[in-house]
Amino acid sequence: MTEIKELIKEALKARLNSYSPYSGYRVGAALLCKNGKVYRGCNIENASYGATNCAERTALFKAVSEGEREFSAIAIAGGRAEDDPEDLSDYAMPCGICRQALSEFDKSGELLVVAARSVNEYKSFKLKELLPESFDSSVL
Ligand code: THU
């Protein structure tokens, strides 16, 4: 529980770095590795909209590129620029591409996804509930 709240704090902090001049929708994510390390990420938009990277994938790619492969939870905090940064107006769920990207590193099916409005208001799911019957390496 305390660990989840700490992870949400990190996601809220990551959100402050969001680069989102086009949508005005600011997202932060914090990915907890099984070894206890936390990697933060924010959404990074682009004038060529399709080049935008979501917060979750920013955190995931930072972690994987540093050698991490095992993760236990990811907290996500998203909301419009005008929201109170500590008390967002709604929950941000991970998009389909981010669910798929995370699933690559969730072979055990234990990864917890925490969508948070604030440190005290959050909903949690297992990634496999959010992406059932996913495409994975077993067919390749
Ligand atoms: N966004 C994320 O960062 N994560 C998601 O899972 C959904 C969407 C970002 C992308 C874009 O910068 C903004 O939210 C609006 O789509």
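A few points on the structure. Because the structure is predicted, anything quoted here is derived from the model rather than measured.

To describe a pair of aromatic rings, one takes the distance between the centres and the angle between the planes. Counting across every chain of the model gives 2 aromatic pairs. Between Tyr 22 and Tyr 49 the ring centres are 5.7 Å apart and the planes differ by 40 degrees, which places this aromatic pair in the tilted class. In this pair, Tyr 22 is assigned in the loop between α1 (2–15) and β1 (25–33) and Tyr 49 in the loop between β2 (38–42) and α2 (55–65), connecting sequence segments 27 residues apart. Judged by its relative accessible area of 43%, Tyr 22 is partly exposed. In this structure Tyr 49 comes out as exposed when scored by relative accessible area, which is 60%. Pairing Phe 71 with Phe 105 gives two aromatic rings, centres 6.1 Å apart and planes at 85 degrees, and the pair type is edge-to-face. You can see Phe 71 sitting in strand β3 (residues 71–80) and its partner Phe 105 sitting in the loop between α3 (96–103) and β4 (112–116), a full 34 residues away along the chain.

This brings us to the sheet that holds β3. Strand order in this open sheet of 5 strands is β2-β1-β3-β4-β5, and the pairing throughout is mixed. Both outer strands of the open sheet, β2 and β5 (122–126), are each paired with one neighbouring strand and no more. Across the sheet, the mean angle separating the axes of adjacent strands is 15 degrees when strand polarity is ignored. Pairing of β1 with β2 involves 5 bridges; the strand directions are antiparallel. Across the sheet, residue Leu 31 finds its bridge partner in β2, namely Tyr 39. Most of the contacts of α2 go to β2, to which it runs at about 140 degrees, and overall it touches β1, β2 and β3.

In the structure shown here, the tally under the stated rule is 8 salt bridges. One salt bridge in this structure joins Lys 9 and Glu 6, with 3.4 Å as the shortest N-O distance. Of the two residues, Lys 9 and Glu 6 both sit in helix α1, 3 residues apart, roughly one turn of that helix. You can call Lys 9 partly exposed: its relative accessible area is 43%. Taking the relative accessible area as the measure of exposure, Glu 6 reaches 41% and is therefore partly exposed. Note that Glu 10 and Arg 40 form a salt bridge whose closest N and O atoms lie 2.6 Å from each other. Here Glu 10, found in helix α1, pairs with Arg 40, found in strand β2; they are 30 residues apart in sequence, far enough to count as distant.

Here is what the cut-offs are and how they apply
Residues numbered from 1 in each chain as written. Predicted model: local features only at pLDDT ≥ 70, side-chain atom pairs only at ≥ 80, totals over all residues. Heavy atoms only, no water. Phe/Tyr/Trp six-rings, centres within 6.5 Å; stacked < 30°, edge-to-face > 60°. Helix = DSSP H or I, 4+ residues; strand = E, 2+ residues; numbered from the N terminus. Buried < 20%, exposed > 50% of the residue type's maximum accessible area, 1.4 Å probe, protein only. Pairing = 2+ DSSP bridges. Axes fitted to C-alpha atoms, helices over the stretch in contact; angles between N-to-C directions. Contact = heavy atoms within 4.5 Å. Salt bridge = Lys/Arg side-chain N within 4 Å of Asp/Glu carboxyl O.

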